[in-house]
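# Chains, contacts and geometry: an overview
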Amino acid sequence: MLIMKQGKLYRIQLIKQRYRREWHSNADLTARRLLCAAIMRELRRRKPNASEEVKQRFPKVTKRMEHFFYFQASSKEQYSNLSTLAFRMERFATMVLQRARRLQQRGT
């Protein structure tokens, strides 16, 4: 879906109904952008001396984290709570590492 805002064209993905929570809305775009910015700041704060290769992956990691947080949160308040962001980021990283280990063990 495309929308025009302040003379610029933006592509918005509609959320599939089966993943949608009661509080989800297509109007959440601003909150989602704010959380992406907060995640990016936290990544940069935690990894100030990261290589350029790692820094180039920050936007993709940020998007994956935000998407996970959005669909896991039971309310917009829970989703937008910046005081729990560092904990949620650590939990996400742990989950990704555990999944990678399981996949590696299956392949071995």
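In this report, we go over the structure that sits alongside the text. The model shown is predicted, which means the values in this text are computed figures rather than measured ones. (Residues numbered from 1 in each chain as written. Predicted model: local features only at pLDDT ≥ 70, side-chain atom pairs only at ≥ 80, totals over all residues. Heavy atoms only, no water.)

Turning our attention to the overall build of the chain. Helices and strands together make up the secondary structure of the chain, namely four helices and two strands. Its helices and strands in sequence order give the chain the pattern β-β-α-α-α-α, from N to C terminus. Looking at the chain as a whole, 26% of its 108 residues qualify as buried. The long-range share in the chain, meaning contacts at least 24 apart out of those at least 6 apart in sequence, stands at 55%. Accessible surface computed for the chain: about 8600 Å², of which carbon and sulfur atoms make up 53%. (Helix = DSSP H or I, 4+ residues; strand = E, 2+ residues; numbered from the N terminus. Buried < 20%, exposed > 50% of the residue type's maximum accessible area, 1.4 Å probe, protein only. Contact = heavy atoms within 4.5 Å. Areas by Shrake-Rupley, 256 points an atom, 1.4 Å probe, with all protein chains shown as cover.)

With that settled, the discussion passes to the packing of helix α1 (residues 29–46) against helix α2 (residues 52–72). Interhelical geometry of α1 versus α2 gives an angle of 130° and a closest axis separation of 9 Å. Judged by the inter-axis angle, α1 sits oblique to α2. Here α1 and α2 pass one another in a crossing that is right-handed. Here R32, L35, C36, I39, M40, L43 and R44 of α1 come into contact with α2, specifically with F58, P59, V61, T62, M65, E66, H67, F69, Y70 and F71. Taken together, the residues that form the contact of α1 with α2 break down as twelve nonpolar, two polar and three charged. (Axes fitted to C-alpha atoms, helices over the stretch in contact; angles between N-to-C directions. Parallel < 35°, antiparallel > 145°, perpendicular 65-115°, else oblique. Left-handed = near helix turned anticlockwise from the far one by under 90°. Nonpolar A, V, L, I, M, F, W, Y, C, P; charged D, E, K, R; others polar.)

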